[in-house]
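Structural characterization, general
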Amino acid sequence: PSNPGIDIIDLEWLVKLAKTKNILVVVDNCFATPYLQQPIKLGADISIHSATKFIDGQGRTLGGIILGSNKLIKDIEGFARHSGPAMSPFNAWLLSKSLETLAVRMDRHCENALKVAEFLEAQPSIKKVRYPFLKSHPQYEIAKKQMKQGGGIVTLVIHGGVEAASTFMDKLKMFSISANLGDTRSIATHPATSTHSKLTEEQRLEVGIEQGTIRLSIGLEHIDDILKDITQALS
Ligand SMILES: Cc1ncc(COP(=O)(O)O)c(C=O)c1O
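My aim in this report is to walk through the structure given alongside it, one point at a time. These numbers were taken from a predicted model, which means no experiment stands behind them.

Before going further, it helps to spend a moment on the environment of Glu-141. When you line up the elements, Glu-141 lands in helix H6 (residues 140–146). Its relative accessible area of 60% is what places Glu-141 among the exposed residues. Expressed as a C-alpha distance, the spacing of Glu-141 and Val-27, which sit 114 residues apart in the sequence, is 19 Å.

Counted according to the given criterion, the structure contains 10 salt bridges. The shortest N-O distance in the salt bridge between Asp-7 and Arg-130 comes to 2.8 Å. Residue Asp-7 is found in the segment before helix H1 (11–20), and its partner Arg-130 is found in strand E4 (residues 126–130); the two are separated by 123 residues along the sequence. For Asp-7, a relative accessible area of 32% gives the class partly exposed. Judged by its relative accessible area of 16%, Arg-130 falls in the buried class. Note that Asp-56 and Arg-60 form a salt bridge whose closest N and O atoms lie 2.8 Å from each other. The exposure class of Arg-60 is partly exposed, given its relative accessible area of 41%. Each of Asp-10, Glu-12 and Lys-145 takes part in a single network of salt bridges with overlapping partners.

Below, the discussion takes up the sheet that holds strand E1 (residues 26–28). What the 3 strands build is an open sheet, ordered E1-E2-E3; its pairing is mixed. At either margin of the open sheet sits one strand with a lone partner, and together these are E1 and strand E3 (64–68). Pairwise comparison of adjacent strand axes, ignoring direction, gives a mean angle of 15° for this sheet. By the bridge criterion, 5 bridges tie strand E2 (residues 46–50) to E3 in an arrangement that is antiparallel. Counted as the bridge partner of Ile-46 is Gly-68 from E3. Sheet strands touched by helix H3 (residues 70–83): E2 and E3. Its angle to E3, the strand with the most contacts, is close to 145°.

Definitions and cut-offs
Residues numbered from 1 in each chain as written. Predicted model: local features only at pLDDT ≥ 70, side-chain atom pairs only at ≥ 80, totals over all residues. Heavy atoms only, no water. Helix = DSSP H or I, 4+ residues; strand = E, 2+ residues; numbered from the N terminus. Buried < 20%, exposed > 50% of the residue type's maximum accessible area, 1.4 Å probe, protein only. Salt bridge = Lys/Arg side-chain N within 4 Å of Asp/Glu carboxyl O. Pairing = 2+ DSSP bridges. Axes fitted to C-alpha atoms, helices over the stretch in contact; angles between N-to-C directions. Contact = heavy atoms within 4.5 Å.

Next comes the structure, spelled out in C-alpha coordinates:
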(Lines give C-alpha, C1' and ligand atoms only; values in the text may rest on other atoms or scores of the structure.)
Protein backbone atom coordinates (compact mmCIF):
# COMPACT_ATOMS: atom_id res chain seq x y z
CA PRO A 1 0.00 0.00 0.00
CA SER A 2 1.18 3.51 -0.83
CA ASN A 3 1.65 6.21 1.79
CA PRO A 4 -0.83 7.71 2.65
CA GLY A 5 -3.16 7.05 -0.33
CA ILE A 6 -3.28 3.25 0.24
CA ASP A 7 -3.11 2.62 -3.50
CA ILE A 8 -2.31 -0.99 -4.30
CA ILE A 9 -0.13 -1.87 -7.26
CA ASP A 10 -0.35 -5.34 -8.80
CA LEU A 11 3.23 -6.46 -8.17
CA GLU A 12 3.18 -9.47 -10.50
CA TRP A 13 1.93 -7.23 -13.31
CA LEU A 14 4.53 -4.56 -12.52
CA VAL A 15 7.37 -7.10 -12.43
CA LYS A 16 6.32 -8.50 -15.83
CA LEU A 17 6.22 -5.01 -17.32
CA ALA A 18 9.55 -3.96 -15.78
CA LYS A 19 11.26 -7.14 -17.07
CA THR A 20 10.31 -6.28 -20.66
CA LYS A 21 12.13 -2.93 -20.23
CA ASN A 22 15.02 -4.31 -18.12
CA ILE A 23 14.07 -2.11 -15.15
CA LEU A 24 14.64 -3.13 -11.51
CA VAL A 25 11.56 -3.26 -9.28
CA VAL A 26 12.05 -1.83 -5.77
CA VAL A 27 9.12 -2.10 -3.36
CA ASP A 28 8.70 0.00 -0.21
CA ASN A 29 7.06 -2.72 1.87
CA CYS A 30 6.85 -0.61 5.03
CA PHE A 31 3.06 -0.62 5.42
CA ALA A 32 2.65 -4.31 4.60
CA THR A 33 5.64 -5.75 6.54
CA PRO A 34 7.22 -9.06 5.47
CA TYR A 35 4.48 -10.88 7.37
CA LEU A 36 1.68 -9.58 5.13
CA GLN A 37 3.39 -9.29 1.75
CA GLN A 38 6.60 -10.66 0.28
CA PRO A 39 7.45 -8.71 -2.88
CA ILE A 40 10.55 -10.75 -3.75
CA LYS A 41 8.42 -13.90 -3.97
CA LEU A 42 6.32 -11.96 -6.50
CA GLY A 43 9.42 -11.21 -8.57
CA ALA A 44 10.56 -7.81 -7.22
CA ASP A 45 14.32 -7.20 -7.16
CA ILE A 46 14.52 -5.28 -3.89
CA SER A 47 12.19 -4.91 -0.92
CA ILE A 48 12.82 -2.14 1.60
CA HIS A 49 11.36 -1.58 5.05
CA SER A 50 11.47 1.29 7.47
CA ALA A 51 12.00 -0.97 10.51
CA THR A 52 11.27 2.14 12.61
CA LYS A 53 7.59 1.41 11.97
CA PHE A 54 5.82 -1.96 12.44
CA ILE A 55 9.00 -4.02 12.65
CA ASP A 56 10.08 -2.28 15.84
CA GLY A 57 6.40 -1.70 16.46
CA GLN A 58 6.90 0.14 19.71
CA GLY A 59 8.24 3.53 18.64
CA ARG A 60 11.61 2.90 20.27
CA THR A 61 14.27 2.95 17.62
CA LEU A 62 15.21 3.86 14.06
CA GLY A 63 16.26 1.28 11.51
CA GLY A 64 15.85 0.06 7.98
CA ILE A 65 16.11 -3.18 6.03
CA ILE A 66 17.02 -3.75 2.38
CA LEU A 67 16.40 -7.21 0.94
CA GLY A 68 17.55 -8.48 -2.43
CA SER A 69 19.94 -10.79 -4.25
CA ASN A 70 23.58 -11.00 -3.07
CA LYS A 71 24.65 -9.24 -6.24
CA LEU A 72 22.42 -6.20 -5.73
CA ILE A 73 22.99 -6.00 -1.98
CA LYS A 74 26.80 -6.02 -2.41
CA ASP A 75 26.65 -2.56 -4.05
CA ILE A 76 24.25 -1.18 -1.44
CA GLU A 77 26.33 -2.63 1.41
CA GLY A 78 29.45 -0.81 0.24
CA PHE A 79 27.57 2.48 -0.02
CA ALA A 80 25.84 2.06 3.36
CA ARG A 81 29.03 1.10 5.16
CA HIS A 82 30.88 4.18 3.97
CA SER A 83 28.12 6.79 4.02
CA GLY A 84 26.57 6.42 7.47
CA PRO A 85 23.41 4.27 7.58
CA ALA A 86 24.92 1.45 9.66
CA MET A 87 22.87 0.13 12.57
CA SER A 88 24.25 0.03 16.11
CA PRO A 89 24.39 -3.44 17.73
CA PHE A 90 21.84 -2.37 20.37
CA ASN A 91 19.29 -1.25 17.74
CA ALA A 92 19.91 -4.46 15.79
CA TRP A 93 19.23 -6.50 18.96
CA LEU A 94 16.02 -4.56 19.67
CA LEU A 95 14.78 -5.05 16.11
CA SER A 96 15.64 -8.73 16.02
CA LYS A 97 13.69 -9.22 19.28
CA SER A 98 10.77 -7.31 17.73
CA LEU A 99 10.68 -9.70 14.78
CA GLU A 100 9.80 -12.48 17.23
CA THR A 101 6.44 -10.79 17.90
CA LEU A 102 5.79 -9.27 14.44
CA ALA A 103 3.18 -11.83 13.40
CA VAL A 104 1.08 -11.62 16.55
CA ARG A 105 1.26 -7.85 16.62
CA MET A 106 0.32 -7.54 12.94
CA ASP A 107 -2.66 -9.87 13.42
CA ARG A 108 -4.00 -7.47 16.06
CA HIS A 109 -3.13 -4.29 14.08
CA CYS A 110 -4.99 -5.71 11.06
CA GLU A 111 -8.00 -6.93 13.02
CA ASN A 112 -8.39 -3.50 14.68
CA ALA A 113 -7.73 -1.55 11.47
CA LEU A 114 -10.36 -3.44 9.47
CA LYS A 115 -12.94 -2.71 12.17
CA VAL A 116 -11.97 0.98 12.20
CA ALA A 117 -12.21 1.16 8.39
CA GLU A 118 -15.66 -0.47 8.40
CA PHE A 119 -16.81 1.84 11.18
CA LEU A 120 -15.57 4.99 9.40
CA GLU A 121 -17.20 3.95 6.14
CA ALA A 122 -20.59 4.12 7.85
CA GLN A 123 -20.08 7.68 9.20
CA PRO A 124 -21.81 10.51 7.26
CA SER A 125 -19.04 12.99 8.19
CA ILE A 126 -16.47 10.87 6.36
CA LYS A 127 -16.12 11.40 2.62
CA LYS A 128 -13.81 8.50 1.80
CA VAL A 129 -12.05 5.62 3.55
CA ARG A 130 -9.12 3.70 2.09
CA TYR A 131 -8.12 0.32 3.51
CA PRO A 132 -6.81 -2.56 1.36
CA PHE A 133 -9.27 -5.15 2.69
CA LEU A 134 -12.39 -2.97 2.40
CA LYS A 135 -14.56 -4.27 -0.43
CA SER A 136 -14.98 -0.66 -1.62
CA HIS A 137 -11.22 -0.33 -2.26
CA PRO A 138 -10.72 -0.04 -6.04
CA GLN A 139 -7.86 -2.57 -5.90
CA TYR A 140 -9.48 -4.89 -3.33
CA GLU A 141 -9.00 -8.00 -5.51
CA ILE A 142 -5.29 -7.24 -5.99
CA ALA A 143 -4.85 -6.61 -2.26
CA LYS A 144 -6.51 -9.95 -1.50
CA LYS A 145 -4.25 -11.69 -4.00
CA GLN A 146 -0.93 -10.35 -2.74
CA MET A 147 -1.49 -9.47 0.93
CA LYS A 148 -2.30 -11.84 3.78
CA GLN A 149 -4.31 -9.12 5.59
CA GLY A 150 -4.91 -5.41 5.08
CA GLY A 151 -2.27 -3.90 7.40
CA GLY A 152 -2.48 -1.36 10.20
CA ILE A 153 -3.01 1.88 8.27
CA VAL A 154 -6.40 3.38 7.44
CA THR A 155 -6.62 6.63 5.46
CA LEU A 156 -9.77 8.73 5.54
CA VAL A 157 -10.98 11.99 4.06
CA ILE A 158 -13.23 14.02 6.33
CA HIS A 159 -15.86 16.42 4.93
CA GLY A 160 -14.90 20.05 5.66
CA GLY A 161 -11.23 20.10 4.66
CA VAL A 162 -8.39 21.17 6.92
CA GLU A 163 -10.68 22.81 9.51
CA ALA A 164 -12.68 19.61 10.03
CA ALA A 165 -9.48 17.55 10.04
CA SER A 166 -7.89 19.68 12.78
CA THR A 167 -11.05 19.75 14.87
CA PHE A 168 -11.22 15.94 14.68
CA MET A 169 -7.54 15.52 15.52
CA ASP A 170 -7.67 18.05 18.39
CA LYS A 171 -10.56 16.15 19.92
CA LEU A 172 -8.81 12.77 19.86
CA LYS A 173 -7.82 11.81 23.40
CA MET A 174 -6.18 8.43 23.09
CA PHE A 175 -4.58 8.72 19.62
CA SER A 176 -1.17 10.43 19.51
CA ILE A 177 -0.71 13.20 16.94
CA SER A 178 2.58 12.43 15.22
CA ALA A 179 4.14 11.85 11.80
CA ASN A 180 5.14 8.36 12.94
CA LEU A 181 3.22 5.14 12.29
CA GLY A 182 3.35 1.48 13.23
CA ASP A 183 3.43 1.92 17.01
CA THR A 184 1.56 -0.11 19.66
CA ARG A 185 -0.42 3.09 20.25
CA SER A 186 -2.80 4.54 17.67
CA ILE A 187 -1.55 7.61 15.82
CA ALA A 188 -3.28 10.25 13.67
CA THR A 189 -1.35 12.22 11.03
CA HIS A 190 -2.44 15.07 8.76
CA PRO A 191 -0.26 14.46 5.66
CA ALA A 192 -0.95 17.80 3.90
CA THR A 193 0.59 19.79 6.77
CA SER A 194 3.24 17.30 7.92
CA THR A 195 4.68 14.31 6.00
CA HIS A 196 3.65 15.65 2.58
CA SER A 197 3.78 19.42 3.25
CA LYS A 198 6.70 19.85 0.86
CA LEU A 199 4.58 18.82 -2.15
CA THR A 200 2.48 21.41 -3.96
CA GLU A 201 -1.30 21.19 -3.57
CA GLU A 202 -1.47 19.90 -7.16
CA GLN A 203 1.12 17.16 -6.49
CA ARG A 204 -0.73 16.16 -3.32
CA LEU A 205 -4.05 15.89 -5.15
CA GLU A 206 -2.39 13.72 -7.80
CA VAL A 207 -1.57 11.15 -5.10
CA GLY A 208 -4.93 11.50 -3.40
CA ILE A 209 -3.97 13.75 -0.48
CA GLU A 210 -6.71 16.28 0.19
CA GLN A 211 -6.82 18.92 2.95
CA GLY A 212 -9.27 16.65 4.77
CA THR A 213 -7.06 13.54 4.50
CA ILE A 214 -6.03 11.92 7.78
CA ARG A 215 -3.82 8.85 8.09
CA LEU A 216 -4.59 6.61 11.04
CA SER A 217 -2.07 4.10 12.27
CA ILE A 218 -4.18 1.70 14.27
CA GLY A 219 -2.51 0.40 17.40
CA LEU A 220 -2.88 -2.60 19.64
CA GLU A 221 -5.33 -1.03 22.09
CA HIS A 222 -8.73 -2.65 22.69
CA ILE A 223 -10.96 -2.00 19.68
CA ASP A 224 -13.72 -0.59 21.91
CA ASP A 225 -11.33 2.09 23.22
CA ILE A 226 -10.19 2.98 19.69
CA LEU A 227 -13.74 3.29 18.35
CA LYS A 228 -14.84 5.22 21.44
CA ASP A 229 -12.10 7.80 20.89
CA ILE A 230 -12.91 8.16 17.18
CA THR A 231 -16.65 8.44 17.91
CA GLN A 232 -16.24 11.23 20.47
CA ALA A 233 -13.81 13.08 18.19
CA LEU A 234 -16.29 12.97 15.29
CA SER A 235 -19.19 14.16 17.43
C1 LIG B 1 6.03 4.09 3.67
C2 LIG B 1 7.30 4.63 4.26
N3 LIG B 1 8.47 4.31 3.69
C4 LIG B 1 9.64 4.77 4.17
C5 LIG B 1 9.69 5.61 5.26
C6 LIG B 1 11.03 6.12 5.72
O7 LIG B 1 11.36 5.63 6.93
P8 LIG B 1 12.69 6.00 7.72
O9 LIG B 1 12.51 7.41 8.18
O10 LIG B 1 12.73 5.04 8.87
O11 LIG B 1 13.82 5.83 6.76
C12 LIG B 1 8.51 5.96 5.89
C13 LIG B 1 8.55 6.81 7.08
O14 LIG B 1 8.07 7.88 7.19
C15 LIG B 1 7.28 5.46 5.38
O16 LIG B 1 6.12 5.80 5.95
